[in-house]
Amino acid sequence: MKYKNAQDILPDRLLKELQQYVSGETLYIPRRQSRKSWGETSGAREYYKKRNEEIRQQYREGADAAALAENYHLSLDSIRKILQ
C-alpha cells in the first residue's frame, strides 16, 4: 500500500477539516468500488456451490457419507460439514 502526504493532494480546506479529527496519524481511505467476494472472478464459488449441492442430493437419495468422501476425494469431516 502506498502512502501519500495529504498535504500534497488535498485542498487546504479539506486538510484542515481532517486535522480536527486525525492529526499526525495514518488514515485509511477505502476505495469507492466494492471488492468482489471470494471466488466470484474465478468461478470457484459457483463450482463449489454446485458440487456441494450434488453431494447433498446424493446423500438425500441414500448415498453413504463415507462413499461420498471417497468419490469426491474429501475427508469425512468435510462431507459432514457440507451436509449440515
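Residues numbered from 1 in each chain as written. Predicted model: local features only at pLDDT ≥ 70, side-chain atom pairs only at ≥ 80, totals over all residues. Heavy atoms only, no water.

Here the focus is the nonpolar core. Judged by nonpolar contacts, Ile55, Ala65, Leu68, Ala69, Tyr72, Ile79 and Ile82 together constitute the single largest core of seven residues. The leading source of residues in this core is helix H4 (residues 65–72), at four residues. With near-sequence residues (within four places) excluded, alanine 69 lies in contact with Leu74, Ser75, Leu76 and Ile79. (Core = buried A, V, L, I, M, F, W, Y, C linked by side-chain atoms within 4.5 Å. Buried < 20%, exposed > 50% of the residue type's maximum accessible area, 1.4 Å probe, protein only. Helix = DSSP H or I, 4+ residues; strand = E, 2+ residues; numbered from the N terminus. Contact = heavy atoms within 4.5 Å.)

A few words now on the packing of aromatic side chains. All chains considered together, the criterion is met by two aromatic pairs. Here tryptophan 38 and tyrosine 48 contribute two aromatic rings whose centre-to-centre distance is 6.3 Å and whose plane-to-plane angle is 25°, an arrangement assigned as stacked. Placement of tryptophan 38 in the loop between helix H2 (12–21) and helix H3 (44–60) and of tyrosine 48 in helix H3 is noted, with a sequence separation of 10 residues between them. Taking relative accessible area as the criterion, tryptophan 38 reaches 58% and is therefore assigned exposed. Judged by centre distance (5.0 Å) and plane angle (75°), the ring pair of tyrosine 47 and tyrosine 48 falls under edge-to-face. Residue tyrosine 48 is classed as partly exposed on the basis of its relative accessible area, which comes to 34%. (Phe/Tyr/Trp six-rings, centres within 6.5 Å; stacked < 30°, edge-to-face > 60°.)

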